[in-house]
Amino acid sequence: MAIGTDIDPAGTAVARKRGPGTSLFAKAWRTADFKIGFAIVLGLLLLSVIGPYLLNLSPTQFNVSKKFLEPGLLDGANMPYLFGTDQLGRDLFSRSLIGLRNALFIGVVSVIGMFIVGSAIGMIAGYVGGWVGLVLMRLTDAQMSIPVVILAITILGVTRPTPLTIILVFILAGWPAYARVARSVTLSERRREYVRAAKILGASDLRILLVHIAPNILPPIAFVAVLDVAKMMIFEAALGFIGIGVQPPTPTFGTIIADGTKYLMNAWWITTVPGLLLALSLCGINFMGGALERSRNKILQGVE
Amino acid sequence: MLFALDFFMRRIAQGLIIVLLVALLIFTLLRVVPGDPVRIMLGPMVSPSVAEQTAKEMGLRDPVLVQFGRYVGQIAQGDFGRSFVRSAQGASTGGTRAADTFNAANRASVIGLIATAVPYSLLLAGLAFVFALALAVPIGIYAGLRSGKWPDRFALYLSSIFVSLPNIWLALVLIFLVSAKAGWLPAIGYKGFSYAILPAIVLAVELAPVFIRSIAVSVSGNLMEAYVSVGQIRGLSRSRMIVFHVFRNSLIPLLNTLGIQAVGVLLGSLFLIEYVFNFPGVGLLMINAVFQRDFPIIQAISILACVVLVVVNILVDFAATTIDRRLQY
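This structure is a prediction, so every number in the text was calculated from the model and none was measured. (Residues numbered from 1 in each chain as written. Chains lettered and ligands numbered in written order. Predicted model: local features only at pLDDT ≥ 70, side-chain atom pairs only at ≥ 80, totals over all residues. Heavy atoms only, no water.)

Here we take up the overall build of chain B. When you go through chain B residue by residue, the secondary structure sums to 12 helices and two strands. Along chain B, helices and strands appear, N-terminal first, in the series α-α-α-α-β-β-α-α-α-α-α-α-α-α. Expressed as a percentage of its 329 residues, the buried residues of chain B come to 48%. Within chain B, contacts between residues at least 6 apart in sequence are counted, and of these 72% link residues at least 24 apart. Approximately 15,600 Å² of chain B is accessible, and the part contributed by carbon and sulfur atoms is 67%. (Helix = DSSP H or I, 4+ residues; strand = E, 2+ residues; numbered from the N terminus. Buried < 20%, exposed > 50% of the residue type's maximum accessible area, 1.4 Å probe, protein only. Contact = heavy atoms within 4.5 Å. Areas by Shrake-Rupley, 256 points an atom, 1.4 Å probe, with all protein chains shown as cover.)

Residue and element names in this part refer to chain B. Scanning all chains against the criterion turns up 11 aromatic pairs over all chains. Note on F7 and F8: the rings are 5.5 Å apart at their centroids and 85 degrees apart in plane angle, and the pair reads as edge-to-face. Three or more aromatic residues link up through ring pairs in this structure, and these residues are F27, F68 and Y71. We note R31 situated over the ring of F27; from NZ or CZ to the ring centre the distance is 3.7 Å. (Phe/Tyr/Trp six-rings, centres within 6.5 Å; stacked < 30°, edge-to-face > 60°. Lys NZ or Arg CZ within 6 Å of the ring centre and 35° of its normal.)

It is worth spelling out helix α8 (residues 197-223) of chain B at this point. Roughly 35 degrees is the biggest bend found in α8 of chain B, and it falls at L207 of chain B, with proline P209 of chain B one to four residues downstream. Counting buried positions along α8 of chain B gives 22 out of 27 residues, so the element sits mostly inside the fold. (Bend = angle between axes of the 7 residues up to and from the residue.)

Listed as interface residues are 40 residues of chain A and, on the opposing side, 43 residues of chain B. Approximately 3,700 Å² of surface area, both sides summed, lies buried where chain A meets chain B, with 79% of it carried by carbon and sulfur atoms. When residues of chain A are sorted by the area they lose upon contact with chain B, I150, V158 and I242 of chain A head the list and together hold 17% of the total. Close ionic contact of E293 of chain A with R213 of chain B constitutes a salt bridge, the shortest N to O distance being 2.7 Å. Taken together, the elements giving at least two residues each to the side of chain A that touches chain B come down to α5 (130-144), α6 (148-158), α10 (218-242), α11 (253-261) and α12 (269-301) of chain A. (Buried area = accessible area lost by both parts, 1.4 Å probe. Salt bridge = Lys/Arg side-chain N within 4 Å of Asp/Glu carboxyl O.)

On to the environment of F115 of chain A. Residue and element names in this part refer to chain A. With respect to the helices, strands and loops of the structure, F115 is situated in helix α4 (residues 92-128). As a C-alpha pair, F115 and P176 span 61 residues in sequence and 9.3 Å in three-dimensional space. Filtering out sequence-adjacent residues up to four positions away, F115 remains in contact with Y178, I217, L218 and I221.

This part covers the confidence of the model for chain A. On average, residues of chain A carry a pLDDT of 78, and 82% of them reach 70 or more. Taking the mean pLDDT of every element in chain A, the minimum, 44, falls on helix α1 (residues 9-17) of chain A and the maximum, 88, on α4 of chain A. (pLDDT = per-residue confidence, 0-100.)

Quick look at the UniProt feature "transmembrane region" (unreviewed entry) in chain A now. Residue and element names in this part refer to chain A. The UniProt entry lists residues 36-55, 103-127, 217-246 and 266-288 under the feature "transmembrane region" (unreviewed entry), expressed in the numbering used here. When the span residues 103-127 is considered, its composition is 100% helix and 0% strand, and the gap between its end C-alpha atoms is 35 Å. The distance separating the terminal C-alpha atoms of residues 217-246 is 32 Å; by composition the span is 83% helix and 0% strand. (UniProt positions renumbered as here; feature names shortened; annotations may be inferred.)

So, about unusual backbone geometry. Residue and element names in this part refer to chain B. In this structure, N278 is a non-glycine residue whose phi angle is positive, near 55 degrees. Locating N278 in the fold gives a position in the loop between α10 (238-277) and α11 (282-292). N278 gets classed as partly exposed once you look at its relative accessible area, which sits at 40%. Positive phi, normally seen in glycine, also occurs at R293, with a value near 55 degrees. Here R293 lies in the loop between α11 and α12 (295-323).

It is worth spelling out the UniProt feature "transmembrane region" (unreviewed entry) in chain B at this point. All names here are of chain B. Under the present numbering, the feature "transmembrane region" (unreviewed entry) in UniProt falls on residues 120-142, 154-180, 192-212, 251-277 and 297-320. Across residues 154-180, helical content stands at 93% and strand content at 0%; the span's end C-alpha atoms are separated by 31 Å. Split by type, residues 192-212 is 76% helix and 0% strand. Its first and last C-alpha atoms lie 30 Å apart.

All names here are of chain B. Where helix α6 (residues 150-164) meets α8, the axes come as close as 8 Å, and the angle between the chain directions of the two elements is 145 degrees. By crossing handedness, the relation of α6 to α8 is classed as left-handed. Of α8, the residues touching α6 (which contributes A155, L158, S159, F162 and V163) are V205, A208, P209 and I212. Each residue belonging to the contact of α6 with α8 can be placed in one class, and the counts come to eight nonpolar, one polar and no charged. (Axes fitted to C-alpha atoms, helices over the stretch in contact; angles between N-to-C directions. Left-handed = near helix turned anticlockwise from the far one by under 90°. Nonpolar A, V, L, I, M, F, W, Y, C, P; charged D, E, K, R; others polar.)

A separate point is the UniProt feature "domain: ABC transmembrane type-1" (unreviewed entry) in chain A. Taken from the UniProt record, the annotation "domain: ABC transmembrane type-1" (unreviewed entry) applies to residues 100-289 of chain A. Taken as a whole, residues 100-289 of chain A contains 82% helix and 0% strand, while its terminal C-alpha atoms sit 19 Å from one another.

Residues and elements named next belong to chain B. Examined at the domain level, chain B breaks down into domain 1 (2-112) and domain 2 (114-328). Opposite the 33 residues of domain 1 that make contact, domain 2 presents 27 residues. Summed over both partners, the interface of domain 1 with domain 2 comes to about 2,600 Å²; 70% of that surface belongs to carbon and sulfur atoms. For the pair domain 1 and domain 2, the interface holds zero salt bridges. The interface formed by domain 1 and domain 2 includes eight residue pairs in polar contact (both at pLDDT 80 or more). Within the residue set of the side of domain 1 that touches domain 2, elements represented by two or more residues are α1 (2-32), α2 (37-42), α4 (64-76), β1 (82-87) and α5 (110-145). Ranked by the residues each element gives to the side of domain 1 that touches domain 2, the list is headed by α1, at 15 residues. Among the residues making up the side of domain 1 that touches domain 2, the classes are represented as 23 nonpolar, six polar and four charged. (Domains from an automatic or database assignment. Polar contact = N/O pair within 3.5 Å; in protein donor to acceptor, adjacent residues only side chain to side chain.)

All names here are of chain A. With the rule as written, the count across this model stands at five salt bridges over all chains. When the shortest N-O distance is used, the salt bridge between D33 and R294 registers 3.2 Å. Taken together, the residues D33 in helix α3 (residues 32-55) and R294 in helix α12 connect sequence positions 261 residues apart. D33 sits in the buried class, given a relative accessible area of 6%. The salt bridge partner of D228 is K231, with a shortest N-O separation of 3.6 Å. One end of the pair is D228 and the other is K231, both in helix α10 and three residues apart, which spans about a single turn. A relative accessible area of 8% means that D228 is categorised as buried.

This is the structure:
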């Protein structure tokens, strides 16, 4: 699964073709923060793909004789259960890794979805203008006034939550920010000479939008997208905690943490240790996002 | 004054449309998903004919738009209906009672339920704001004044780490360490002011990075403006310029973050955190209502939350235009 790698290389691939994008990612890459964040995320991603096979422990197999084992990291006798086991004797380490994989998958896919939906709406609003643009942007403003978490809880609470519905709800929640940026980029690019030249040469509106304008949207919003992946992962865990996230037996951080709360006093590690792994991966993602943001600000201010 | 009147008229009209659309969305959503509210009200043991009769009497078999029209009419008169499952005595019946008739009069009124819950939520939200600002204002201002130096970097890393802490996990770790192990603060439920401190800390950790960033960026941006050096040339001391002019001008973006972003973040996380801490606010009421399919409560709280967001948006925009008249609406 090459999910997490989508975060950056997808960006660099676009960047190679264009000026602003190249310098943005190159500049971000030169900072230590970005490299540290990237290393953390890449490392955890590799671990989540190969880890379960290395230890040969199943994330869903019960083993009642081995329940409530303390983390092997603290008590060597409990190896190979690095993070210990839960109330049913399931290995927490492999459960956490599968949870991380699911969280990353949901986070990345929903952010890509928000990006596509938001960009499409924003580009149309900016390019077509007129009353279409007005209606679309009013819609965007209105969405900002909708209590999204309430909507998400309601939708997922009264229907049967699946990864797909969760991703759709996240997309519904997050697209307006992208639409706003896409619109302002389109408005400024539309008047540029190269767009007029393309038009005179006979390029269709669709081609102008997709080939010429679309690549300009990524640089100003790349950092928001990266930070949003982390936000969505937290949100996914919270939904799982309430019980309206991805349903068992698939392990997610939310369900692992919720299971552990019942045993918080005698088996503290069930809740805390997997959460630490989640926090670590979020830290990696946020470092990357922060580095991207500062590089963008430097480029905007014309420093260097 | 004409400006203010025009502004409010326009924005309130827009806001009403938004609230109405959100209400319609939630209303329709609740009625198209599987699950018959009559079954929830009367319990599983009731005979189909009685259930059908009750549904007809309550108008639950009418087209959704007709039901919605009636609902809006009731709201206009200030009537948000009664809970499907909560009895007027406060206990939740959960739909398990074998009562054969549904008597709306013995169910709690939605307005009453929300009115009891709102003060708790306001207390929690207010406390979270106070904690977040107490942490963010000094750090943010210091980082802004020393932009690029170590205070700036410290603020940055602190924010990054705070943002990376999943709120539910942080809540449970704090419950475990502060409440269960050390016994310093109570955590579950609400029996006094001290019960609000831990959940407020969790919310403050989530809010603080938003504040730190906007304060730091705003202060450092204002320091670079020409008026700072002009003021100093005219003989005002640097500290005077900072305290009386830079901070004042830095307020505008802070108001903006306080308003839109912070209330947005808070409205979401408050619900989750109340659920984790079993804190008897609007969020807990809402999440329980979702599980019990208590439609009137879900609808009323969604509308309430939407109204809050719309009002905050309007007020923030108004405050911003009054402080800085260059910003038109």
